[in-house]
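In case you want the letters, here they are:
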Amino acid sequence: MNLPWPFGRRGGAVPAERKHHGGFVAFQMAADAAWTRRDYATLSREGFMRNPVAHRAVRLVAETAGAIPFLAYDGQGRELHDHPLIELLARPNERQAGHGFMETLYGHLLIAGNAYVERVEAGETARELHLLRPDRVTVATDQSGWPTALEHREGARKRIVPLGGGGRGLHLTLFHPLDDLAGFPPMQAAAMALDIHNAAGRWNKALLDNSARPSGALVYAPKEGGNMSEEQYDRLKEELEENYSGAMRAGRPLILEGGLDWKAMALSPRDMDFMEARNGAARDIALAFGVPPMLLGIPGDATYANYAEANRALYRLTVLPLVGRVAAELARWLAPAFGGDVRLWYDADAIEGLSAERDALWKRVGGADFLTEDEKREAVGYGRR
């Protein structure tokens, strides 16, 4: 090594470097795994924007939840038709209709674990609702650690949006076991599986670009003790680069002579069980988002008998709990601006994926001769006449 003291020889000139091409072998030791950063921007790029499984899982949950309509009820449980709160949620602002607004809100929760809503008022009536991008918002707290406001930054500008009773800001979160203020996103729970799935795709593409051959080394082990000359070494290197590298040269046989032998230095796709590892990572991603793998086209999962059963599981186990949580928080925040005695809930009868369950319920209740007409109406979610 041509290094100065104290790494090279002590004293005197450092001898010139010489190339010796006797028996040689090239190898690389395994390094620690590199994981994706857990911030909102990186998870958005590596997950939603680059991974088809995570992209579809987020869209499936967000679009399905965003399409569920809300109903308003008073304190006695009577439905309030044409209520201004329902009209506001149907058209929150000039850029978004209700479905698009709610889809974005659910998407923020799934990717960031947090969703921030700002209410813009004109007079005493709520006029518009706007979503704030999670990576631009910081929750400000008082001396006791209680949240008091949202700090929204865009470039060099910073705005303060008050929280609490009568505040213009709403902070929605998913459960986080180690943070009192921020929520924990499903995308972060799926981050390790996401990295494995993305790395498998990159490795497969690199393998195709490199003639569909795994990494290896040419081992020179001359039987008669001779060494490879400088000219032979350069010619071999040039021949490998020109004739055996790249996707256009895939399948060409490698002719070895003069004591050369090819030693594979990496596992083959078959040894790695490549497809099963990739499908296993995809199932873990779907599990983190609460989406049955069958709905994402992931093979090897026979948990559900058919798509209808998997679709009902998506609604019952993932979508409806999320929608109910958001509806309760929106009602608590917006009710004071509309008289105070208003409750929001989703319209289960408008969900096409649960029509089979609704039909079965109506059939059972309709056949219950011991119930009065009003009791039957209450049993299926309608008020008394």
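1. Some points on the pairing of strand β5 (residues 147–154)
- By the bridge criterion, 5 bridges tie strand β4 (residues 137–141) to β5 in an arrangement that is antiparallel. Its bridge partner being in β5, Thr-138 is matched across the sheet by Glu-151.
- In sequence, β4 turns back onto β5 through a hairpin of 5 residues, with Gly-145 there showing a positive phi of about 90 degrees.
- Sheet analysis places β5 next to strand β6 (residues 157–162), joined by 6 bridges and oriented antiparallel. Following the sheet pairing, Leu-150 is matched in β6 by Val-161.
- The loop that links β5 with its antiparallel partner β6 comprises 2 residues; one of these, Gly-155, has a positive phi angle of about 70 degrees.

2. Observations concerning the packing of helix α1 (residues 40–48) against helix α4 (residues 98–112)
- Axis separation between α1 and α4 bottoms out at 10 Å; the angle between their running directions is 100 degrees. Between α1 and α4, the crossing angle belongs to the class labelled roughly perpendicular. The segment α1 lies against α4, with Tyr-40, Leu-43, Ser-44 and Phe-48 engaging His-108, Ile-111 and Ala-112.
- The class makeup of the residues in the contact of α1 with α4 is 5 nonpolar, 2 polar and no charged.

3. A look at α4
- In this model, α4 (15 residues) spans 21 Å end to end at C-alpha, consistent with the 21 Å of a helix rising 1.5 Å per residue.
- Burial analysis of α4 places 11 of its 15 residues in the buried class, the great majority of the element.
- The complete set of buried residues in α4 reads Gly-98, Phe-101, Met-102, Leu-105, Tyr-106, Gly-107, His-108, Leu-109, Leu-110, Ile-111 and Ala-112.
- Within two residues after α4, Gly-113 carries a phi angle of roughly 80 degrees, on the positive side.

4. What to know about a negative patch on the surface
- Where like charges cluster on the molecular surface, the negative patch consists of Glu-231, Asp-234, Glu-238 and Glu-239.
- Examined against the element boundaries, Asp-234 turns out to sit in helix α7 (residues 230–243).

5. Some words on the sheet that holds β5
- The strand order β4-β5-β6 describes an open sheet built from 3 strands, whose pairing is antiparallel. Edge strands, defined here as strands with exactly one partner in the open sheet, are β4 and β6. Adjacent strand axes in the sheet meet at a mean angle of 30 degrees, parallel and antiparallel pairs treated alike.

6. Observations concerning the pattern of salt bridges
- Enumeration over the complete set of coordinates arrives at 12 salt bridges.
- Among the salt bridges present, the one from Arg-133 reaches Asp-135, with a minimum N-O distance of 2.7 Å.
- Residue Arg-153 pairs with Glu-151 through a salt bridge whose shortest N-O separation is 3.3 Å.
- Exposure remark for Glu-151: the relative accessible area of 17% places this residue in the buried category.
- Each of Glu-118, Arg-159 and Arg-168 takes part in salt bridges that share partners, so that together they form one network.

7. Some remarks on the nonpolar core
- Among the nonpolar cores identified, the biggest contains 62 residues, and Leu-105, Tyr-106, Leu-109, Phe-289 and Leu-344 are the most heavily contacted of them.
- With 12 residues, the top contributor of residues to this core is helix α10 (residues 307–334).
- Residues in contact with Leu-344, not counting those within four places in the same chain, are Phe-70, Leu-71, Ala-72, Leu-85, Ile-86, Leu-89, Ala-327, Leu-330 and Ala-331.
- Counting 7 residues, the second largest nonpolar core, distinct from the first, contains Tyr-116, Leu-132, Val-137 and Val-161.

8. Overview of the pairing of strand β1 (residues 70–73)
- Burial of the side chains of β1 extends over both faces: Phe-70 and Ala-72 are buried on one face and Leu-71 and Tyr-73 on the other.
- Both β1 and strand β10 (residues 343–346) contribute to a ladder of 4 bridges, which runs antiparallel. Along β10, the bridge assignment pairs Tyr-73 with Arg-343.

Reading the values: rules and limits
- Residues numbered from 1 in each chain as written.
- Predicted model: local features only at pLDDT ≥ 70, side-chain atom pairs only at ≥ 80, totals over all residues.
- Heavy atoms only, no water.
- Pairing = 2+ DSSP bridges.
- Helix = DSSP H or I, 4+ residues; strand = E, 2+ residues; numbered from the N terminus.
- Axes fitted to C-alpha atoms, helices over the stretch in contact; angles between N-to-C directions.
- Parallel < 35°, antiparallel > 145°, perpendicular 65-115°, else oblique.
- Contact = heavy atoms within 4.5 Å.
- Nonpolar A, V, L, I, M, F, W, Y, C, P; charged D, E, K, R; others polar.
- Expected span 1.5 Å × (residues − 1).
- Buried < 20%, exposed > 50% of the residue type's maximum accessible area, 1.4 Å probe, protein only.
- Patch = residues over 30% accessible without salt bridge, like charges linked within 9 Å, V, L, I, M, F, W, Y side chains within 5 Å.
- Areas by Shrake-Rupley, 256 points an atom, 1.4 Å probe, with all protein chains shown as cover.
- Salt bridge = Lys/Arg side-chain N within 4 Å of Asp/Glu carboxyl O.
- Lys, Arg positive; Asp, Glu negative; His and termini not counted.
- Charge placed at Lys NZ, Arg CZ, Asp CG, Glu CD.
- Core = buried A, V, L, I, M, F, W, Y, C linked by side-chain atoms within 4.5 Å.

On their own, these measurements won't tell you what the molecule is for.
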